[in-house]
Amino acid sequence: MSTIYHDVGFVHLHVHSSFSLLEGALPIARLAKLAETDAMPALALTDTNNLFGALEFSEKLAESGIQPIIGLQMTVDFCDHVASPGRPQAQRESRGKIVLLATSATGYRNLMRLTSAGFMETDSTDEPHVTVEQLRGFSEGLILLTGGPSGPINRPLYNNHRELGAKRLRHLAAMFPHALYVELQRHDTEEEVAVEPMLLALAYELELPIVATNEPFFAGKKDHEAHDALIAIAEGRMVSETDRRKVSEEHSFKSRAEMQKLFKDLPEAIQNTIEIAMRCHFRPKALKSPILPRFTADEDEKAVLRRQAHDGLSFRFSQHGPTEGMSVEGYRERLDFELSVIERMDFPGYFLIVAEFIGWAKSEGIPVGP
């Protein structure tokens, strides 16, 4: 086992791609190239509250001979804030971002359920999130990292609420037995330096393992300035403003050697990245063809689409006639050609569903395009 640890060195487990919208600046192809250049055997993707890039990431890394680890960074509300008129930010203080990594097909399904709940069961004016009780119901097949500076443990510790941080950590540890790791990050920020001794003390007190992460948002330090502009745009702020969210240039994609050097005093935190990677042996695979619902069970979809398309064309002729220099027969021949392409791709049902949706949206006064 020690030989494996020595050869692998370190595995990134908290990484943002450009699918962390208005936050990450690493296209998946770029991530794959960075991992390949450093001969990384495995890499995790943990975009914020979504799995938009999961299949592309899984396929791209597998093609490169790198083990993809699928996860996400999920906002969780512990619902333990103290509401009062004088504390308008209290509800936000009850939230924190954790990292969830799938170890199995069941875990991946739970990731999908959680991110769906985060979007579908959250008011549109609020950020996607789940409650800690929702998390409890979908914990099987998942490994949890405590999230670093934006996590639900670091924040109360930094604000001198140790008991609250300890309570949350005990709660999560009970929900994820033998599958929770206390996450340590070192970007040389004041908060990280202040909180790390408290995190370590809690981890050892509760006999929980620790793990080192880096949370890269961009490729190299030279990209920091451009990424800072991206963060400013996301918040509708000016780059020159100092009281806005910022990340340091240390949030670049570090090599395995750099991470080993950074945590040389805590070798167990590095070794646990490899242990976690070995536990996350599942990857989703893209289907060879899309799964589309049947539009109708009573009629052949090709025939229905052809009938609707030709009826629509006839209606347009009755209203406007053909363009000058064009014949009705020419239009019908072109339509038949386009329909044959759709049929060869087995997409008639898809086009019928879209047409049905557009018709409904127009009837409701919802704009659906020019």
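Structure shown above.
Residues numbered from 1 in each chain as written. Predicted model: local features only at pLDDT ≥ 70, side-chain atom pairs only at ≥ 80, totals over all residues. Heavy atoms only, no water.

A. Main features of the nonpolar core. Counting residues in each nonpolar core, the largest one holds 78 residues, and the members touching the most others are L100, L101 and L135. Non-local contacts of L135, meaning those with residues more than four positions away in its chain, are made with V76, I98, L100, L114, L144, L172, M175 and F176. Membership of the second largest hydrophobic core comes to nine residues, among which are V304, L313, L339 and L352. (Core = buried A, V, L, I, M, F, W, Y, C linked by side-chain atoms within 4.5 Å. Buried < 20%, exposed > 50% of the residue type's maximum accessible area, 1.4 Å probe, protein only. Contact = heavy atoms within 4.5 Å.)

B. Structural detail: the environment of Y5. Residue placement: Y5 occurs in helix α1 (residues 2-8). Each residue touching Y5, except ones within four places of it in the same chain, is listed here: Q271, I274 and E275. (Helix = DSSP H or I, 4+ residues; strand = E, 2+ residues; numbered from the N terminus.)

C. Seen up close, unusual backbone geometry. A positive phi is found at N49, a non-glycine position, where the angle reads about 65°. Along the polypeptide, N49 turns up in the loop between β1 (42-48) and α3 (54-63). The exposure class assigned to N49 is buried, which follows from its relative accessible area of 4%.

D. Region of interest: the pattern of salt bridges. Going through the model one piece at a time under the given rule, you end up with 23 salt bridges. Across the salt bridge formed by R306 and D336, the nearest N and O atoms sit 3.0 Å from each other. Here the residue R306 occupies a position in helix α13 (residues 301-320), and D336 occupies one in helix α14 (residues 328-344), the gap between them amounting to 30 residues. The exposure class assigned to R306 is partly exposed, which follows from its relative accessible area of 25%. Among the residues examined, D336 registers a relative accessible area of 30% and is labelled partly exposed. By sharing partners, the salt bridges in this structure join D77, R95, D126 and E127 into a single network. (Salt bridge = Lys/Arg side-chain N within 4 Å of Asp/Glu carboxyl O.)

E. A look at the packing of α13 against helix α15 (residues 348-363). One way to put it is that α13 packs onto α15 with a least axis distance of 9 Å and a crossing angle of 50°. In terms of orientation, α13 and α15 fall into the oblique class. Helix-helix and strand crossings are classified by hand; for α13 and α15 the assignment is left-handed. When α13 is examined against α15, the residues E301, K302, V304, L305 and Q308 are found in contact with a partner set consisting of P348, G349, F351 and L352. (Axes fitted to C-alpha atoms, helices over the stretch in contact; angles between N-to-C directions. Parallel < 35°, antiparallel > 145°, perpendicular 65-115°, else oblique. Left-handed = near helix turned anticlockwise from the far one by under 90°.)

F. Region of interest: the pairing of strand β3 (residues 95-102). Burial analysis of β3 places eight of its eight residues in the buried class, the great majority of the element. Burial of β3 is two-sided: the residues R95, K97, V99 and L101 facing one way and the residues G96, I98, L100 and A102 facing the other way are all buried. Summarising the sheet, strand β2 (residues 67-77) and β3 pair through seven bridges and their orientation is antiparallel. By the bridge assignment, Q73 is partnered in β3 with V99. (Pairing = 2+ DSSP bridges.)

G. Quick look at helix α12 (residues 267-279). Between its terminal C-alpha atoms α12 stretches 19 Å, which fits the 18 Å expected from 13 residues at 1.5 Å a residue. For α12, the complete set of buried residues consists of A269, I270, N272, T273, I274, I276 and A277. (Expected span 1.5 Å × (residues − 1).)

H. Structural view of a nonpolar patch on the surface. The grouping of Y350, F351, V354, F357, I358, W360 and I366 at the surface amounts to a nonpolar patch, some 620 Å² of accessible area in total. Tracing the backbone shows I358 in helix α15. Look at I358 and you get partly exposed, because its relative accessible area is 33%. (Patch = residues over 30% accessible without salt bridge, like charges linked within 9 Å, V, L, I, M, F, W, Y side chains within 5 Å. Areas by Shrake-Rupley, 256 points an atom, 1.4 Å probe, with all protein chains shown as cover.)

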